[in-house]
Structures are given as C-alpha cells and as structure tokens.
Amino acid sequence: FHIEQLINCKAEIDNLEPFELLDISEIILPEGLKSIEYSAFNSCGNLESIYIPESVTSLGNGILDNCPSRLVIKCKAGSSAEAYAKIHHIKLELI
C-alpha cells in the first residue's frame, strides 16, 4: 500500500496528519515528506511494516502507538526513523 493512494502527494508535501485505525498492513511513505505528526498511525492494528524515507526529520510522539509488536520500520541507516525505532524499541530493517 502506497500512501499516495490515500493522500494527494506532491513534491512540496510537508506533513502527514493522523490516519488512525486504518486497516492496512504496509505503508510506504513518499520521498520528500518532512514530518509525521503526533499519533499519525496510532492503533493501526494490522500494520506490519512502514517505510520512512530519509527526508523525514521530524517524527511526532506516539506515531506508532498501539500498533502490533511485529511492526518493522524500514529506513536508511543514520536516519531519524532509525533513531525513532531504537528509542521506541520497534523492530528495524535498514535498507
């Protein structure tokens, strides 16, 4: 599932607002996204993986709260997403 199917993504996209309780298993966020707001994917009960591009430098608190323990963040080494995954003890796949 590409987030582009859910929101109108353009090169100048900055922020992603909450999409609570969506019944999706995989999210691939677009390059150029700069921030993910508080609780953006809170309680996505079927979410198994999320790709967060290197362009994301701001990750709000609780963006993945109440998601399954099998959730994996896919990101580049040294990115803000890697740091977020480590701080919040979320499984990590460096790509």
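Above this text you will find the structure in question.
Worth saying up front: this structure is predicted, and the values here are computed from it rather than measured.

Here we come to the layout of surface pockets. Of the volumes computed, that of the largest pocket is approximately 150 Å³. Considering the residues around the largest pocket, the lining is formed by L64, D65, C67, P68, S69, L71, Y84, H88, H89, I90 and K91. Tallied by class, residues from the lining of the largest pocket come to 6 nonpolar, 3 polar and 2 charged.

When strand β6 (residues 72-75) meets strand β7 (residues 91-94), the two strands line up parallel, connected through 4 bridges. Note that in β7 the partner of V72 across the bridge is K91. Once you follow β6 into helix α1 (residues 80-87) and on to β7, the crossover reads as right-handed.

Moving on, we get to unusual backbone geometry. One non-glycine residue, N66, lies in the positive phi region at around 65°. Even without being glycine, H89 reaches a positive phi, approximately 55°. Among the structural elements, H89 can be located in the loop between α1 and β7.

The subject of this paragraph is the sheet that holds strand β2 (residues 26-28). Through backbone hydrogen bonds, the strands of a sheet pair up, either in parallel or in antiparallel fashion. Spatially, the 4 strands line up as an open sheet ordered β2-β4-β6-β7, and their pairing is parallel. Bordering the open sheet on either side are β2 and β7, each of which pairs with just one other strand. In this sheet, neighbouring strand axes are inclined to one another by 15° on average, regardless of whether the strands run parallel or antiparallel. In this sheet, strand β4 (residues 49-51) lies alongside β2 in parallel orientation, the contact comprising 3 bridges. Across the sheet, E26 pairs through a bridge with S49, a residue of β4. Its contacts with the sheet put α1 on β6 and β7, and the angle it makes with β6 is roughly 155°.

The rules behind these values
- Residues numbered from 1 in each chain as written.
- Predicted model: local features only at pLDDT ≥ 70, side-chain atom pairs only at ≥ 80, totals over all residues.
- Heavy atoms only, no water.
- 1 Å grid on protein atoms, 1.4 Å probe; cavity = no way out; pocket = protein on both sides within 12 Å on 5 of 7 lines; lining within 4 Å.
- Points joined across faces, edges and corners; volume = space filled by probe spheres on them.
- Nonpolar A, V, L, I, M, F, W, Y, C, P; charged D, E, K, R; others polar.
- Pairing = 2+ DSSP bridges.
- Helix = DSSP H or I, 4+ residues; strand = E, 2+ residues; numbered from the N terminus.
- Right-handed = clockwise from strand over helix to strand, strands pointing away.
- Axes fitted to C-alpha atoms, helices over the stretch in contact; angles between N-to-C directions.
- Contact = heavy atoms within 4.5 Å.

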